[in-house]
Amino acid sequence: MKTQLYCTVLLVLVLAATAAADVYLHIPPGSNNRFDENTRDRRNANRLFDSQNNNRGGYNVQNYFLYEGSELEVRWTNQHACGPNHKTHCNILLQYRCDDPANMRDGAVTATIPETPQGPTDETYSRFGMHEDHDWYQLCKTTERNKGLFTASQQLQGESARFTRQNPGGTRRGLECPEERDYYPYWRPTGWVDIAYLTDEPETLCPLVLAQTENLHPRHYCALNLTNSDRKLIPISPGQCALANGTWTAVPPIAPTQTPECKMAPWTRDNHLGNTLDGEVARYRWKVPTGVYSENCVFRIRYNITTGDYKAWDGADYQQNDRQGEKLGLTEKYGYEAPFTNNPQVDPFGMGFTLQLAINTAQYGRTFQDRSHLFSIRPRPEGVLPTAKIHNLNVEGKRGNIVQVFPGVEYQFAPATLNMKVGDYYHVQWSGSNNNPGNNDGNGQAQTDRSNIAPLLSRTMVYPTSIHNISLAKNAFADLYEPQYRGSIDELNDAGTYFSSGLLQASKSGETHFLCTRNNDFSNRQQKGTIVVEDTQSEADYIGIIVGSIAAAFVVAAIITAGVVYAIRSRSASAAKANAATDNSRGFSKLHDEPSVARATAPAPTSSTVSPVDLSEVGS
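Reading the values: rules and limits
The residue count restarts for each chain, going from 1 along the sequence in the order it is written. Given that the model is predicted, a residue must reach a pLDDT of at least 70 before its local features are reported, and side-chain atom pairs must reach 80 or more before they are shown or counted; all residues, however, enter totals for whole chains, interfaces and linings. Hydrogens and water are ignored here; the side-chain numbers use all heavy atoms of the structure. Each helix is a run of DSSP H or I of at least 4 residues and each strand a run of E of at least 2, with the numbering of both proceeding from the N terminus. Exposure categories follow from relative accessible area, calculated using a 1.4 Å probe and restricted to protein chains: below 20% of the type maximum is buried, above 50% is exposed, and the middle band is partly exposed. Whether two residues touch is decided by their heavy atoms; if any such pair falls within 4.5 Å, the residues are in contact. Areas reported as accessible are Shrake-Rupley estimates using a 1.4 Å probe. Residue values count occlusion only from the protein chains shown. Following DSSP output, two strands are said to pair if at least two bridges run between them. Aromatic pairs are defined between Phe, Tyr and Trp rings, using the six-membered ring for Trp, whenever the two ring centres lie within 6.5 Å; interplanar angles under 30 degrees are classed as stacked, those over 60 as edge-to-face, and all others as tilted. Should the NZ of a Lys or the CZ of an Arg lie within 6 Å of a ring centre and within 35 degrees of the ring normal, that charge is described as sitting over the ring. The disulfide criterion used throughout: a pair of cysteine sulfur atoms within 2.5 Å. Charged-residue counts in this description rest on Lys and Arg as positive and Asp and Glu as negative, His and the chain ends being excluded. A pair is scored as a salt bridge if a Lys or Arg side-chain nitrogen falls within 4 Å of a carboxyl oxygen belonging to Asp or Glu. Pairing of N or O atoms within 3.5 Å defines a polar contact, subject to two protein rules: one partner must be a possible hydrogen donor and the other a possible acceptor, and residues neighboring in sequence count only if both atoms are side-chain atoms. We define a nonpolar core as any set of buried Ala, Val, Leu, Ile, Met, Phe, Trp, Tyr and Cys residues linked to one another through side-chain atoms lying within 4.5 Å. Only the stretch in contact is used when fitting a helix axis, every axis being a line fitted to C-alpha atoms; angles between N-to-C directions are given from 0 to 180 degrees. Each patch is built from residues lacking any salt bridge and having more than 30% relative accessible area; the joining distance is 9 Å for like charges and 5 Å for nonpolar side chains (Val, Leu, Ile, Met, Phe, Trp, Tyr).

A. Representation of the overall build of the protein within the structure. Along the protein, the regular secondary structure elements total eight helices and 26 strands. Relative to its full complement of 620 residues, the protein shows a buried share of 58%. For the protein, contacts bridging at least 24 residues in sequence account for 78% of all contacts bridging at least 6. Working note: accessible area of the protein is about 24,400 Å², and carbon and sulfur atoms make up 48% of it.

B. Representation of the pairing of strand 19 (residues 417–421) in the model. Of the two faces of strand 19, the one lined by Leu 418 and Met 420 is fully buried and the one lined by Thr 417, Asn 419 and Lys 421 carries no buried residue. Two elements, strand 19 and strand 25 (residues 528–534), share five bridges in a ladder whose sense is parallel. Across the sheet, Met 420 pairs through a bridge with Val 533, a residue of strand 25.

C. The arrangement of the packing of aromatic side chains in detail. On inspection of all chains with the given rule, the structure shows 13 aromatic pairs. Their ring planes at 25° and their centres at 6.4 Å tell us that Phe 150 and Phe 340 sit as a pair that is stacked. Taken as a pair, Phe 150 in the loop between helix 1 (134–142) and helix 2 (178–182) and Phe 340 in the loop between helix 5 (330–334) and strand 13 (345–346) lie far apart in primary sequence, 190 residues in all. A single burial state applies to Phe 150 and to Phe 340, both of which are buried. Three or more aromatic residues link up through ring pairs in this structure, and these residues are Tyr 96, Trp 286, Phe 299 and Phe 375. Positioned over the ring face of Phe 65 is Arg 378, at 4.6 Å from the centre of the ring. When the ring centre of Tyr 59 is taken as origin, the NZ or CZ atom of Lys 398, which lies over that ring, is 5.5 Å away.

D. Region of the structure containing the state of the cysteines. Taken as a whole, this structure holds five disulfides when the rule is applied. Here Cys 140 is linked by a disulfide to Cys 177, with a sulfur-sulfur distance of 2.2 Å. Looking down the S-S bond of the Cys 140 and Cys 177 bridge, the torsion is 70°, so its handedness is right-handed. Placement of Cys 140 in helix 1 and of Cys 177 in the loop between helix 1 and helix 2 is noted, with a sequence separation of 37 residues between them. The class for Cys 177 is buried, based on a relative accessible area of 0%. Through a disulfide, Cys 222 is tied to Cys 241; the S-S separation comes to 2.1 Å. The chirality of the disulfide connecting Cys 222 with Cys 241 is right-handed, given an S-S dihedral of about 85°. Placement of the pair is Cys 222 in strand 7 (residues 219–223) and Cys 241 in helix 4 (residues 238–243), with a sequence separation of 19 residues. For Cys 222, a relative accessible area of 0% puts it in the buried group. By sequence order of its bonded cysteines, the protein has the disulfide arrangement 1-2, 3-10, 4-5, 6-9, 7-8.

E. Region of interest: the side chain of Arg 366. Tracing the chain through its elements places Arg 366 in strand 15 (residues 366–371). Nearest to the buried, unbridged Arg 366 among oppositely charged side chains is Asp 22, at 7.6 Å. At a separation of 3.0 Å, a polar atom in the side chain of Arg 366 contacts the side chain of Gln 52.

F. Spotlight on the nonpolar core. Counting 34 residues, the largest nonpolar core has Trp 76, Leu 94 and Trp 286 as its most contacted members. Among the nonpolar cores identified, the runner-up in size contains 18 residues, and Leu 393, Val 428, Phe 499 and Phe 514 belong to it.

G. Representation of the sheet that holds strand 21 (residues 454–456) in the model. Strand order in the open sheet formed by four strands is 19-25-24-21, with mixed pairing between adjacent strands. Two strands in the sheet have a free side with no partner beyond their single neighbour: strand 19 and strand 21. In this sheet, adjacent strand axes meet at a mean angle of 30° when their direction is disregarded.

H. Representation of the environment of Thr 341 within the structure. Relative to the helices and strands, Thr 341 is located in the loop between helix 5 and strand 13. Residue class for Thr 341 comes out buried when judged on its relative accessible area of 18%. Between the C-alpha atom of Thr 341 and that of Ala 362, which follows or precedes it by 21 residues, the distance is 9.6 Å. When residues no more than four places from it in sequence are discounted, the contact partners of Thr 341 are Ser 153, Arg 323, Gln 324, Gly 325, Ile 359 and Thr 361.

I. Expanded view of unusual backbone geometry. Residues Tyr 184 and Pro 185 are joined by a peptide bond in cis, for which omega reads -5°. In this model, Ala 414 is joined to Pro 415 through a cis peptide bond whose omega is 0°. By the secondary structure assignment, Pro 415 is in the loop between strand 18 (412–414) and strand 19. One non-glycine residue with positive phi stands out, namely Asn 343, at about 50°. The residue Asn 343 is located in the loop between helix 5 and strand 13 in this model. Residue classification places Asn 343 among the partly exposed positions, given a relative accessible area of 40%. The phi torsion at Leu 492 lies on the positive side, around 65°, for a residue other than glycine. Note that Leu 492 resides in the loop between strand 22 (481–484) and strand 23 (499–505). You can call Leu 492 buried: its relative accessible area is 1%.

J. Region of interest: helix 3 (residues 202–212). Where helix 3 is concerned, the buried positions are Pro 202, Leu 205, Cys 206, Leu 208, Val 209 and Gln 212. Next to the buried residues of helix 3 lie strand 5 (89–98), strand 6 (193–199), strand 7 and strand 9 (261–264).

K. Representation of the side chain of Thr 151 within the structure. Tracing the sequence through the fold places Thr 151 in the loop between helix 1 and helix 2. For Thr 151, a relative accessible area of 12% corresponds to the buried category. Setting aside its immediate chain neighbours within four residues, Thr 151 contacts Leu 156, Arg 165 and Asn 321.

L. Region of the structure containing helix 1. Turning to helix 1, its buried residues are His 134, Trp 136, Tyr 137, Leu 139 and Cys 140. Considering only its buried residues, helix 1 is in contact with helix 2. Where helix 1 starts, the residue carrying a side-chain oxygen 3.3 Å from the main-chain nitrogen of Asp 135 turns out to be Asp 133.

M. Layout of a nonpolar patch on the surface. A contiguous nonpolar surface patch, about 430 Å² in accessible area, is contributed by Phe 349, Met 351, Phe 353 and Leu 355. Here Phe 349 lies in the loop between strand 13 and strand 14 (355–356).

As structure tokens, this is what we get:
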């Protein structure tokens with residue numbers, strides 16, 4: 001889409017004003033604006049951000065931490081096709097952002113944060129969830145919108161960045177800026193770090209994305225004191241900034257060491273929140289950045305679909321904006337009168353009768369969004385080399401049958417099959433809620449999410465095998481775990497919603513299967529998984545590394561399965577090394593303590609006055 005001002009090529013990540021279609025995060029668990037509701041529908045679709053998803057989507061608040069440099073299998077479902085499907089154009093953008101706890105929190109209520117800033121010590125104010133800060137939203141309200149954007153037949157009701165073709169009324173959701181939400185790459189500093197851009201046209205779009213990503217390229221804004229200016233809105237071009245006696249100011253790249261990946265999106269079918277061609281949900285393996293330590297991070301996915309009648313980056317520009325929808329030239333293209341307006345009536349057969357098309361010009365194209373609850377990024381434990389590979393093994397889904405949890409999913413280990421090599425590390429972790437809908441199906445105490453792990457001889461079986469039948473696990477738990485007996489254990493009712501194994505290491509090759517005894521309910525649902533450990537090219541590469549085994553993960557759940565909730569007992573590094581040296585035959589690894597780190601903030605430029613970088617004439 002060509003632009004009048006200093007806009008990038010627009011890969012049109014845009015939203016619609018109404019209707020419900022969808023993208024849902026499953027790992028990390030997406031909120032879809034939920035907090036901790038015990039109802040199937042979320043209570044507030046405007047709590048933190050504009051998702052445009054169905055009210056029944058999302059998981060209640062739950063938190064994780066990820067080790068720096070570890071690999072997380074991001075998992076999601078999207079409804080309207082993507083990848084080499086050839087039925088629509090699509091783009092999927094994965095991003096994360098970390099910030100100070102004063103500016104980013106899950107909150108404790110479902111209400112939307114007030115627009116008027118309140119003191120940080122105000123207990124009532126601190127109960128509201130928050131992903132962007134007040135300065136960001138006030139900047140959105142006081143910065144002029146990009147009038148080089150294609151608005152079709154929509155009548156925008158204001159001149160600031162609050163108003164877009166997809167949000168012509170400027171409705172507020174949390175403290176999100178509608179223009180930044182709708183368009184990518186955005187021309188002003190945002191604080192969101194790009195992870196990956198997945199598209200159906202990588203040959204065309206990937207060079208443009210890499211040439212404009214905020215990770216690697218600066219953004220600019222107009223530093224302007226509005227109180228000393230006659231202008232009502234902050235300009236977004238250097239020329240207009242100079243005329244307003246402002247200073248066109250550069251903001252350095254946000255993550256110069258993190259080049260986003262751009263490639264073909266996974267194939268998904270239309271009208272379906274299901275699996276890709278390989279039988280799994282859409283997914284992307286994210287390597288968590290190193291050197292970014294924060295207790296307050298959010299993951300974001302945006303999913304755009306665009307009609308092929310015109311392309312967002314080819315053939316339409318701001319000069320084709322008109323309320324009658326004629327300037328796109330669709331009449332000439334199709335050979336009959338074809339105005340680009342809402343619900344037009346057309347006569348493609350030329351026989352004197354018309355057919356009404358279901359078109360909303362605010363939705364061509366359209367973007368859906370989901371975000372995680374807060375998660376943390378923490379440093380590797382001492383002694384784990386920066387080059388060592390760390391895998392994450394999690395549980396996705398929530399309590400209920402397939403109908404009750406939709407568009408979420410039932411419980412499943414994620415990934416269902418974890419492939420590793422000897423010497424790799426892995427981190428077993430899950431979380432959940434005690435406040436699911438009271439009538440949702442499941443075992444154990446109503447409303448509660450619980451998981452455990454018990455060893456299987458085969459994934460076709462439902463009875464766990466004795467841990468003594470698995471040579472790698474035999475006697476392994478003796479030095480790693482100390483039992484704590486409490487309450488109702490047979491169905492894990494008194495276990496916590498959260499579990500972390502700490503960091504474990506695989507030292508022997510082999511394949512081991514496991515299940516969750518509570519949630520694996522034959523003929524209703526399955527929760528099973530497999531870990532496969534392959535030999536490396538040279539086992540000598542691991543001399544000096546503390547030996548371990550995949551059995552450590554099974555120990556955790558085997559003991560829980562037996563009716564005991566276990567607390568991980570810390571062991572000193574020297575004791576661990578001694579055990580590894582004297583009892584290597586046990587084949588289990590040191591269970592690293594979870595690090596406690598101070599709250600830190602990853603680079604996230606925010607300013608009370610920012611405007612776009614000059615990226616004009618990039619693409620068409």
